[in-house]
Amino acid sequence: MDPATALFEHHRSRLFGLAYRMLGTPADAEDVLHDAWLRLHAQDLATLDDPEAWLVTVTTRLALDRLRRAKAEREHYTGPWLPEPLVPDTEHPDAALERGESLTLSFLLLLERLSPDERAAFLLREVFDYSHAEAAAILEIGEDACRQRVHRAKTRLRQDRPRFHVDESAQRRLLQRFVAAMAEPTLDSLRALFAEDAVHISDGGGIARATLRPLHGADRLAQLYLQIGRNLGGPGVRYELVTLNGAPALFLRDGDALTTAMWIECDGERITAIHALRHPGKLARLLAVTKPAASASLH
């Protein structure tokens, strides 16, 4: 391995973690890392006083440029946009990096409410623990401007953050209750799963069948999933409990086809938000690498 590649691979996990949190899709993060690797190979390593800082700076700026373009493209996206999960944790070499809330799909979706500049400043300061001065240098802005961006981001996230932080075991129990209710769906059994102000968000990208806007309220969600449950049928349809981005989730399979990846937020007793990823392109990566050992079937 040449010195530049060895240097890059040494820092790869951290760079991937930053790019993925910036962009919300593994493929875009990998593209950013490829561009950063090319730039590193064009650089004289002897001129780099701090190679890690140089790589983080290049990766951040590349991700920021790509995120600005993506924001413009998502204005024309059909229906809600959801982040693309990492492959199940046992399969992805970079998934172990800096675990915690900042890697969950719900938090990645929350980050979408920030401007690209706010998102970059927030991640550098609050997730990757760079000082305001270091983050400002990476972003080529003044330190006061960086502080303002981080402050605005923290204020916005604090306002929109889910009201409850519940451990994985509670999420897992609610997902199991959801699967049991979908086996023989009734309005009462489904409504009992959802908080009064629960929200359903589904991403089909205009390709797969999905709701085109968020649905709110326990009654509407119960009606929706009653209809879905009645439409599902056949011996090949099954749910699988998996771990996506460090949190419990469900795969819905129809035979060998992965049709939906679902994750929830909850208050410990009821589901407060349910997200259904149905976009075939986003599911393709998961289907390609997911093995039976990485999941547990629920009947």
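Looking at the overall build of the protein
Consideration 1: A tally of helices and strands in the protein yields 11 helices and seven strands.
Consideration 2: For the protein, the residues scored as buried account for 50% of the 299 residues in total.
Consideration 3: In the protein, 68% of the contacts between residues at least 6 apart in sequence involve partners at least 24 apart.

Observations concerning helix α7 (residues 143-160)
Since the α-helix turns once every 3.6 residues, residues separated by three or four places project in the same direction.
Consideration 1: Taking 1.5 Å of rise per residue, the 18 residues of α7 would be expected to cover 26 Å, and the 26 Å separating its terminal C-alpha atoms lies within 8% of that figure.
Consideration 2: Within α7, the full set of buried residues consists of Cys146, Arg149, Val150, Ala153 and Leu157. Here the buried residues of α7 occupy an arc of 95 degrees about the axis, which is enough to place them on one side. For α7, exposure combined with an orientation more than 90 degrees from the buried face picks out Asp144, His151, Arg158 and Gln159.
Consideration 3: Looking at the buried side of α7, the elements it contacts are α4 (105-111), α5 (116-127) and α6 (132-139).

A few points about the nonpolar core
Consideration 1: In terms of nonpolar packing, the biggest core is built from 61 residues, with Tyr20, Met22, Leu111, Leu124 and Leu244 touching the most fellow members.
Consideration 2: Per element, the largest residue contribution to this core is 10 residues, and it comes from helix α1 (residues 3-23).
Consideration 3: With near-sequence residues (within four places) excluded, leucine 124 lies in contact with Leu18, Val56, Thr60, Asp129, Tyr130, Ala135, Ile138 and Leu139.
Consideration 4: Of all hydrophobic cores here, the second largest spans 27 residues; its members include Val179, Leu215, Ala218 and Leu252.

Digging into the pairing of strand β5 (residues 257-266)
Consideration 1: Taken across its 10 residues, β5 has eight buried, putting it largely inside the fold.
Consideration 2: The pairing of strand β4 (residues 247-254) with β5 spans five bridges and is classified as antiparallel. Note on β5: the bridge partner recorded for leucine 250 is methionine 262.
Consideration 3: The hairpin formed by β4 and β5 contains two residues between the paired strands, and glycine 255 there has a positive phi angle of roughly 65 degrees.
Consideration 4: In the sheet, β5 pairs with strand β6 (residues 271-277) via six bridges, with the strands oriented antiparallel. Each bridged residue has a counterpart across the sheet, and for isoleucine 264 the counterpart in β6 is isoleucine 274.
Consideration 5: Linkage of β5 to β6, two consecutive antiparallel strands, is achieved through a turn of four residues, within which glycine 268 is found at a positive phi near 100 degrees.

Structural notes on unusual backbone geometry
Consideration 1: If you check the backbone angles, glutamate 140 has positive phi at about 60 degrees while not being a glycine.
Consideration 2: Within the element layout of this structure, glutamate 140 appears in the loop between α6 and α7.
Consideration 3: The phi angle at asparagine 245 is positive, at roughly 55 degrees, despite the residue not being glycine.
Consideration 4: For asparagine 245, the location among the structural elements is in the loop between β3 (237-244) and β4.

A look at the packing of aromatic side chains
Consideration 1: Enumeration according to the criterion identifies five aromatic pairs in this entry.
Consideration 2: Joined through ring pairs, the aromatic side chains of Phe178, Phe194, Tyr225 and Tyr239 make up one cluster.
Consideration 3: Geometry around tryptophan 81 places arginine 74 over its ring, the cationic atom sitting 3.7 Å from the centre.

Some thoughts on the packing of α1 against α5
Consideration 1: Across the interface, α1 lies against α5 with an axial gap of 10 Å and an inter-helix angle of 145 degrees. Crossing of α1 over α5 shows right-handed handedness. Contacts between α1 and α5 involve Leu18, Arg21, Met22 and Leu23 from the first element and Pro116, Arg119, Ala120, Leu123, Leu124 and Val127 from the second.
Consideration 2: Each residue belonging to the contact of α1 with α5 can be placed in one class, and the counts come to eight nonpolar, no polar and two charged.

Section: the pattern of salt bridges
Consideration 1: Applying the stated criterion across every chain yields a total of 22 salt bridges.
Consideration 2: A salt bridge links arginine 68 to aspartate 117; its shortest N-O distance comes to 2.6 Å. With a gap of 49 residues between them, arginine 68 in helix α3 (residues 51-74) and aspartate 117 in helix α5 connect regions that are remote in the sequence.
Consideration 3: Note on aspartate 117: relative accessible area 23%, which makes it partly exposed.
Consideration 4: Linking arginine 253 and glutamate 240 is a salt bridge whose minimum nitrogen-to-oxygen distance equals 2.9 Å. With arginine 253 in strand β4 and glutamate 240 in strand β3, the pair connects residues that are 13 residues apart, well separated along the chain.
Consideration 5: Counted as one network, the salt bridges with shared partners bring together Asp65, Arg68, Asp117 and Arg149.

Description of the side chain of serine 106
Consideration 1: Within the secondary structure, serine 106 is located in helix α4.
Consideration 2: A relative accessible area of 17% places serine 106 in the buried class.
Consideration 3: Other than its neighbours up to four places away in sequence, serine 106 contacts Trp263, Ile264, Glu265 and His275.

Each value, and the rule that gives it
Counting restarts for each chain, with residues numbered from 1 along the sequence as it is written. For a predicted model such as this one, the threshold for reporting local features is a pLDDT of at least 70, and the threshold for listing and counting side-chain atom pairs is 80 or more; totals across whole chains, interfaces and linings nevertheless cover every residue. With hydrogens and water set aside, each side-chain value is computed from the structure's full complement of heavy atoms. Runs of H or I in DSSP of at least four residues are treated as helices and runs of E of at least two as strands, each being numbered from the N terminus. Note on exposure labels: buried denotes an accessible area under 20% of the residue type's maximum, exposed denotes more than 50%, and partly exposed covers the range between, all computed with a 1.4 Å probe on protein chains only. What makes two residues a contact is simply this: any of their non-hydrogen atoms within 4.5 Å. Helices are assigned an expected span. That span is 1.5 Å times one less than the residue count. As used here, the arc belongs to the directions running from the helix axis to the C-beta atoms. Buried Ala, Val, Leu, Ile, Met, Phe, Trp, Tyr and Cys residues form a nonpolar core when they are joined through side-chain atoms within 4.5 Å. Here the rule is simple: two strands pair whenever DSSP picks up at least two bridges between them. For Phe, Tyr and Trp, where Trp contributes only its six-membered ring, two rings pair if their centres lie within 6.5 Å, and the inter-plane angle classes them as stacked under 30 degrees, edge-to-face over 60, or tilted in between. Look at NZ for Lys and CZ for Arg. If either is within 6 Å of the ring centre and within 35 degrees of the ring normal, a charge sits over the ring. The angle between two axes is taken between their N-to-C directions and runs from 0 to 180 degrees, where each axis is a line fitted to C-alpha atoms and a helix contributes only its stretch in contact. Each crossing is labelled by how the near helix is turned from the far one, with a counterclockwise turn of less than a right angle marking it left-handed and a clockwise turn marking it right-handed. Under the convention adopted here, Pro, Cys and the residues Ala, Val, Leu, Ile, Met, Phe, Trp and Tyr are nonpolar, Asp, Glu, Lys and Arg are charged, and Gly plus all remaining residues are polar. Any Lys or Arg side-chain nitrogen located within 4 Å of an Asp or Glu carboxyl oxygen qualifies as a salt bridge.

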